[in-house]
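Descriptive analysis of the structure
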Amino acid sequence: MTDPTTTTFGAVDAYLQEHLLGGDPVLDAALADSAAAGLPPINVPPTQGKMLYLLTRLQRAVAILEIGTLAGYSTIWMARALPPHGRIVTLESEARHAEVARANLARAGVLDRVDLRVGPALETLAVLADETRAPFDLIFIDADKPRTPEYIEAALRVSRPGALLIVDNVVRSGELANPETTDENVRGMQRAVALLASHPRLEATVIQTVGAKGYDGFALAVVT
Ligand SMILES: C[S@@+](CC[C@H](N)C(=O)[O-])C[C@H]1O[C@@H](n2cnc3c(N)ncnc32)[C@H](O)[C@@H]1O
């Protein structure tokens, strides 16, 4: 039986898509091509994509680091909020995902602002730390969940003071609060929360969310 609460969350997401966000052929095409290519539907929902867009604007971000590209859906949202000289470096381990993302980013007209790097993110992050480039103003972590704490540590090495850190899928249907969990994704997020709480360069919170994709949440942190 369908959980009536989930049905309500989905209905509200559909309502907001229709009455708040409106249609967006480029983003719709990105999701359609992602599905057609057999990629999993694990992109951020549209309302959260818009939140990433707004946070990019509020932060006046010029340099963004994204860990976990998939088909470039969240990348498009953030790239649209960048000034013309802005850049997103986005990291993806799967060559097939990167190929679909590149086509989606080109159709969205933002490919010139995106530096898409294919390979295991921790390796690419080590390369980025050695590059002389402006430190990042905003970091969005949305890749393999067990490695989230390592991504936070690596992101700190390439962030400026005042940078905004966003970590997706922290709450995981409430399993975050289960001390007995054996799920490596949940354990990764429990370690991530502990790191956010204790790191001397971070001030953080976690916000719970509901929607068509169920019950989850994201962390927001500022690099001090
Ligand atoms: C949740 S999806 C990203 C969704 C995307 N941010 C969006 O909202 O449209 C996670 C992505 O991280 C990639 N990924 C998983 N492990 C990775 C790793 N070690 N390094 C880089 N990317 C990785 C996966 O292949 C997948 O495409």
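Owing to the predicted nature of the structure, the values given are computational and were not obtained by experimental measurement.

So, the site of the ligand
- As a matter of local geometry, the ligand sits amid 23 residues, with V44, S74, E92, A121 and D142 nearest to it.
- Within the backbone of S93, an N or O atom sits 3.1 Å from a nitrogen atom of the ligand.
- The separation between a nitrogen atom of the ligand and a polar side-chain atom of D142 is 2.8 Å.
- Isolated, the ligand exposes 600 Å² of accessible area, and the fraction of that covered by the protein chains is 90%.

Quick look at unusual backbone geometry
- The backbone of N169 sits at a positive phi, close to 60°, despite the residue not being glycine.
- On the secondary structure map, N169 appears in the loop between strand 5 (159-167) and helix 8 (184-198).
- Even without being a glycine, S173 presents a positive backbone phi close to 55°.
- Residue placement: S173 occurs in the loop between strand 5 and helix 8.

About the thresholds
Residues numbered from 1 in each chain as written. Predicted model: local features only at pLDDT ≥ 70, side-chain atom pairs only at ≥ 80, totals over all residues. Heavy atoms only, no water. Near = heavy atom within 4 Å. Polar contact = N/O pair within 3.5 Å; in protein donor to acceptor, adjacent residues only side chain to side chain. Areas by Shrake-Rupley, 256 points an atom, 1.4 Å probe, with all protein chains shown as cover. Helix = DSSP H or I, 4+ residues; strand = E, 2+ residues; numbered from the N terminus.

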